[in-house]
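# Structural description and commentary
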Amino acid sequence: AEARERAALELEVLTNTLDELEAGLEVVEKDGVVIWRNKRAEQLAPAIPEGHDHWACPGDVRACEQDVTGVCPVRNALDEGEPGHCRFAVKLEGEERIYEMQVFPLGADHDGQRVMNLYVDRTAGLVNERRLILAERLASLGRVTQGVAHELNTPLATIRTLAADMVAALKQSGGDPQQPMLDDLLDDLSESAALVHDETRRLGRITQGLLTGRDLTASEIDGAVPLGAVVERARALVFAGARKNVPVAVGAELSAHTVAADPDHLVQVMVNLLQNAYDAVREGTRGGVRVSARRDGPRVEIVIDDDGPGVPTEIEGRLFEPFATTKPPGKGTGLGLYTSYMLVTSMNGTMSLENREGGGARAVVALPAAGERGERLVQIGRSPEAAE
Ligand SMILES: Nc1ncnc2c1ncn2[C@@H]1O[C@H](COP(=O)(O)OP(=O)(O)O)[C@@H](O)[C@H]1O
Ligand SMILES: [Mg+2]
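In short, a report on the structure. (Residues numbered from 1 in each chain as written. Chains lettered and ligands numbered in written order. Predicted model: local features only at pLDDT ≥ 70, side-chain atom pairs only at ≥ 80, totals over all residues. Heavy atoms only, no water.)

### So, the overall build of the protein
When its secondary structure is counted, the protein shows nine helices and twelve strands. The proportion of buried residues among the 388 residues of the protein is 39%. Across the protein, every contact between residues at least 6 apart in sequence was considered, and the portion connecting residues at least 24 apart equals 61%. (Helix = DSSP H or I, 4+ residues; strand = E, 2+ residues; numbered from the N terminus. Buried < 20%, exposed > 50% of the residue type's maximum accessible area, 1.4 Å probe, protein only. Contact = heavy atoms within 4.5 Å.)

Below is the structure:
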């Protein structure tokens, strides 16, 4: 009698404990009779639908979120002896919650006589999961925006400077009616206007690409791009907007070389590399930047040397990673080399940045030389338009 009393007491303690649980727990017989359930399971028990006289599978009453087969996990556990699960939404004390029901077959040999259902509240976890996905999306949006800002920044600064120069020059010559406009002033102005015109069109193509969702790194290869013109354009872009006068020497041999490349992309790569060289040199008191080119078998190498302090050791292994920068916020984004690397790769070229013996840095871009017989090469970029 004493043993029975103790057993009853233990059962009561156990039942009370289980009733305190946040999770729902119930045991159901094969015929659908609920043998036992705790308080939470009581609250979660689906309303018994018309035509059923007792327990109903949540999978039948509430749509299971992940139940593609449409099989009630409880029925499956009873019939096949397999555990199963089902996620469903339920309104509890006026609040929308998401519960996961886990179903375990009971019995020594899983004979499918009864199952135990465990209901766990997954709301918080799912909310966090969704929040993470959103944060992830926002972050990647931020990266894209930063990349675009980077692409637009240098040419925009140049355009601003050139436009300001043009206005100042016009004002000056207009202020003195005795003095006719000098020929070289006119030359300067038309050169600047041409640059502004070209750059505005290039920027237009970038924003157009963004609006149409085109892959910005996909290249449209032109079989014969003259290096001299490309480098001249990039030089004008970087150094026309430069505040400090840094000497730039462009080798005469450049105009002798033509490469297979996307001309817009090659300008962009050169702008990025020249900007880096300028950044490296302008802090110092002397030294400059030199651009040269040489033929190396089927390729042409474009070399940019500067007399700056060289690549800082702390960034050496990560130069081509996005956002790797040693420049203060607002000065550097760490996207220049990363973007350039992607563009050069998509033009079937290679790129490197190393320190030179005796100081300074050297960037080398190698691209396929223009077709030997001068023919336009087949378009080999990754752009979908180019593939047709
Ligand atoms: N010519 C160079 N001389 C020295 N360091 C360089 C040179 N070019 C690039 N670097 C280093 O590589 C980093 C990444 O360059 P980049 O990707 O263009 O980003 P950002 O110029 O915005 O910092 C720079 O912050 C700098 O530390
Ligand atoms: Mg840079």
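### A few points about the sheet that holds strand E7 (residues 248-250)
In spatial order, the strands read E7-E9-E10-E12-E11; together these five strands make up an open sheet with mixed pairing. Only two strands of the sheet have a single partner each, and these edge strands are E7 and strand E11 (350-355). For this sheet, the mean inter-axis angle between neighbouring strands, taken without regard to orientation, is 20°. When strand E10 (residues 299-306) meets strand E12 (residues 361-368), the two strands line up antiparallel, connected through seven bridges. Considered in E12, the bridge of Ile-302 is made with Val-365. (Pairing = 2+ DSSP bridges. Axes fitted to C-alpha atoms, helices over the stretch in contact; angles between N-to-C directions.)

### Digging into the packing of helix H8 (residues 263-282) against helix H9 (residues 336-346)
The interhelical angle for the contact between H8 and H9, taken along N-to-C directions, is 150°, at an axis separation of 9 Å. Here H8 is positioned roughly antiparallel relative to H9, judged by the angle of their axes. H9 is crossed by H8, and the crossing has left-handed handedness. Where H8 abuts H9, its residues His-265, Gln-268, Val-269, Asn-272, Leu-273 and Asn-276 lie against Gly-336, Leu-337, Thr-339, Ser-340, Leu-343 and Val-344. Grouping the constituent residues of the contact of H8 with H9 by class yields five nonpolar, seven polar and no charged. (Parallel < 35°, antiparallel > 145°, perpendicular 65-115°, else oblique. Left-handed = near helix turned anticlockwise from the far one by under 90°. Nonpolar A, V, L, I, M, F, W, Y, C, P; charged D, E, K, R; others polar.)

### A short note on the pattern of salt bridges
Within the structure shown, the criterion is met by 15 salt bridges. A salt bridge links Asp-121 to Arg-97, with the shortest nitrogen-to-oxygen separation between them at 2.9 Å. Of this pair, Asp-121 sits in strand E5 (residues 114-121) while Arg-97 sits in strand E4 (residues 95-105), placing them 24 residues apart in sequence. Relative accessible area serves as the criterion here: at 27%, Asp-121 is assigned to the partly exposed category. (Salt bridge = Lys/Arg side-chain N within 4 Å of Asp/Glu carboxyl O.)

### Thoughts on the site of ligand 1
Lining the immediate surroundings of ligand 1 are 20 residues, of which Asp-306, Thr-325, Thr-326, Lys-327 and Thr-333 lie closest. At 2.8 Å, a side-chain N or O of Asp-306 approaches a nitrogen atom of ligand 1. A distance of 2.7 Å separates an oxygen atom of ligand 1 from a polar side-chain atom of Lys-327. Considering ligand 1 on its own, with 540 Å² of exposed area, one finds that the protein chains cover 93% of that surface. Only H8 and H9 provide two or more residues apiece to the shell around ligand 1. Looking at the shell around ligand 1, its residues break down into ten nonpolar, eight polar and two charged. (Near = heavy atom within 4 Å. Polar contact = N/O pair within 3.5 Å; in protein donor to acceptor, adjacent residues only side chain to side chain. Areas by Shrake-Rupley, 256 points an atom, 1.4 Å probe, with all protein chains shown as cover.)

Remember that the coordinates give geometry; whether it matters functionally is a separate question.
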